[in-house]
Structures are given as structure tokens and as C-alpha cells.
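# Residue-level structural notes
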Amino acid sequence: DRYWQFSDASRILSRAENEAVLGVLRQRASNNYPAMIVQCLLEERLGNFDAARDTINLVIQGKTPLHNIALMARSIVYTGLNEPKKAKADFADALQLDPKDPYFRWMRALVSAQSKDWTRAESEAKSLVVLPSHEKDARRLLALIYALRAQKTPGLSTKAMEQAKLLSALSGGKDWSSPMIMAMAYYTSDDLDKSRDMMSKASANATDENRVLCDDLAFCFESKETFSWDFFRH
């Protein structure tokens, strides 16, 4: 948990923010495996797939108690490197070791959401909302899933709003992501005025590429278009 909080698990921090954290992590002790796993995840997040693979290979070679988490992290890296066979092999090995590990479950939820395996993604995220270290990210993921699905299944907009409100309470209204997700929920509920208000707040709180993302999403809403989400934004 000490290092995981800096992993940008929901992929909402800017490139500049992640690069600053990564600079600190790269100064860690050579055998600090938890820090190396987070370093790998941030390198992957920034699109530095070769560096991420090299970092996580050192953890995997160490045969640590974090082996299943490291394998799942490398599976994600191999996906970025367009090596699906290796990604599937690492995932299968990690699954055999400890499928109930919360860090494994988070990464599995994210992978499932990206592949639109909504049932698995929802199940894994729900298992994490009871954990303080994962609750905020899990509720953010659930809200996104329900909002995306509500575009075809309007009844899910209620679930999207419920999770968006819980996320907002946890976030304290200080970030850009929680009002953006609230805007999504309002949009799927056909409350365009409140959706506009939340998108305006999200854009005001965001910086750099995240502000561009908010503005693009706001344009999508104004055009009454279907919106999508890249759960592995690089």
C-alpha cells in the first residue's frame, strides 16, 4: 500500500505528474520490489514498454512473495508490446498463484473492462470496494462501467450515479476525474444541464492532456454522441 498509492491505478494523473513520481521511484534501493512493481506500472502507463519489461523482469527473477502481482503487471506490459501469447501465459500463471490478491484483482478488473468483459470487471471491482487502499479506484471503475453500459441499457444510469456520488464523497471534489464521471452519469440520465455543470468543473480542475480529454468529452455530450473510454490510456 505504501507504494501502490503512487501507481496511478485509475490512470487519471497527467504525464508530468507521473514522470515526477517515476523520477523518485528510480532512485529506490535495487531490491525494493514493491517500488519496482509500481515503477513498472508507471513506465507502462507512460508508454515506455521496454523499460517497464526490464524493470518487472528483475522482480520476477527475484521470485518474491509478490510474484503473482509481478506476473500480472508483466502481462499488461506484454499487451502493450503487442505480444499477446506472452501476455496470456503470464496472466494464466498469475491466476494460478493467487486470484484473490487485491492487486491482482485490480489489474484483472482493468484488463476485463478494456476488453468489455463487463461481468468480470464488475465482479472484481465489487470485491475491492471494502478495502480502503482500493475503494476509490474500484468505485471509479464501477461508475465508468455503468455509465458506458447505460448508453445501451438506460436502467444502469442509476447505478452509475450511485457510484459517482460515492466516488465524489471519497474524492472531496478536489480532482477532475470524479466530476467528469458525475457528468457521464448525468448525461446517461438525460440531465444535460447538470452534466454541463460537472464537465465545466472537471475541465477547471484538470491540467494538460486531461483538460483536453474533458473538453473532448464535453463536445461529445453537446453533440449527443455515444462516448467511449480507454481504460489503458497511455
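Let us look at the structure shown here. Everything numeric in this text was worked out from a predicted model, so none of it was measured.

### Structural notes on the nonpolar core
One finds Leu141, Met180, Met184, Phe227 and Phe231 to be the most contacted residues of the largest nonpolar core, which totals 70 residues. With 10 residues, helix α8 (residues 135–150) is the single largest residue contributor to this core. If we skip the residues at most four places from it in the chain, leucine 141 touches Trp106, Ala109, Leu110, Ala113, Ala125 and Phe231. Core analysis: the next-biggest nonpolar cluster, separate from the first, contains 7 residues, Tyr3, Leu25, Leu42 and Leu46 among them.

### A few points about the packing of helix α4 (residues 67–80) against helix α5 (residues 84–97)
Two elements in contact, α4 and α5, have axes whose closest approach is 8 Å; the angle formed by their N-to-C orientations is 160 degrees. In terms of their interaxial angle, α4 and α5 are classed as roughly antiparallel. The two elements α4 and α5 cross, and the hand of that crossing is left-handed. Residues His67, Asn68, Leu71, Met72, Arg74, Ser75, Tyr78 and Thr79 of α4 touch α5, and the partners they reach there are Lys86, Ala87, Asp90, Phe91, Asp93, Ala94 and Leu97. Each residue belonging to the contact of α4 with α5 can be placed in one class, and the counts come to 7 nonpolar, 4 polar and 4 charged.

### Re the environment of alanine 35
Summarising the element assignment, alanine 35 is placed in helix α2 (residues 33–45). Each C-alpha atom, one on alanine 35 and one on alanine 160, is 33 Å from the other, the two residues being 125 residues apart in sequence. When residues no more than four places from it in sequence are discounted, the contact partners of alanine 35 are Tyr3, Leu25 and Arg28.

### Concerning α5
For α5, which comprises 14 residues, the first-to-last C-alpha distance of 20 Å matches the rise-based estimate of 20 Å (1.5 Å per residue) to within 8%. The complete set of buried residues in α5 reads Ala87, Asp90 and Ala94. Angularly, the buried residues of α5 cover 70 degrees about the axis, an arc narrow enough to put them on a single face. Facing away from the buried side of α5 by over 90 degrees, the exposed positions are Lys85, Lys88 and Gln96. Those residues of α5 hidden inside the fold are in contact with α4 and α6 (102–114).

### What to know about the pattern of salt bridges
Under the counting rule described, the total for this entry stands at 18 salt bridges. As a salt-bridge pair, arginine 74 and aspartate 90 come within 2.6 Å of each other at their nearest N and O atoms. Of this pair, arginine 74 sits in helix α4 while aspartate 90 sits in helix α5, and the two are 16 residues apart along the sequence. Exposure class is identical for arginine 74 and aspartate 90. Each is buried.

### Focus on unusual backbone geometry
With phi around 50 degrees, aspartate 8 is a residue other than glycine that occupies positive phi space. Its place among the elements puts aspartate 8 in the segment before α1 (15–25). Taking relative accessible area as the criterion, aspartate 8 reaches 7% and is therefore assigned buried. Even without being a glycine, lysine 116 presents a positive backbone phi close to 60 degrees. Within the secondary structure, lysine 116 sits in the loop between α6 and α7 (118–128). Residue lysine 116 is classed as exposed on the basis of its relative accessible area, which comes to 60%.

### Structural notes on the side chain of serine 112
Relative to the elements of secondary structure, serine 112 occurs in helix α6. A polar contact is formed between the side chain of serine 112 and the backbone oxygen of arginine 108, at a distance of 2.8 Å. Leave out the neighbours within four places in its chain, and serine 112 touches Asp117, Arg120 and Ala121.

Rules used in this analysis
- Residues numbered from 1 in each chain as written.
- Predicted model: local features only at pLDDT ≥ 70, side-chain atom pairs only at ≥ 80, totals over all residues.
- Heavy atoms only, no water.
- Core = buried A, V, L, I, M, F, W, Y, C linked by side-chain atoms within 4.5 Å.
- Buried < 20%, exposed > 50% of the residue type's maximum accessible area, 1.4 Å probe, protein only.
- Helix = DSSP H or I, 4+ residues; strand = E, 2+ residues; numbered from the N terminus.
- Contact = heavy atoms within 4.5 Å.
- Axes fitted to C-alpha atoms, helices over the stretch in contact; angles between N-to-C directions.
- Parallel < 35°, antiparallel > 145°, perpendicular 65-115°, else oblique.
- Left-handed = near helix turned anticlockwise from the far one by under 90°.
- Nonpolar A, V, L, I, M, F, W, Y, C, P; charged D, E, K, R; others polar.
- Expected span 1.5 Å × (residues − 1).
- Arc of directions from axis to C-beta.
- Salt bridge = Lys/Arg side-chain N within 4 Å of Asp/Glu carboxyl O.
- Polar contact = N/O pair within 3.5 Å; in protein donor to acceptor, adjacent residues only side chain to side chain.

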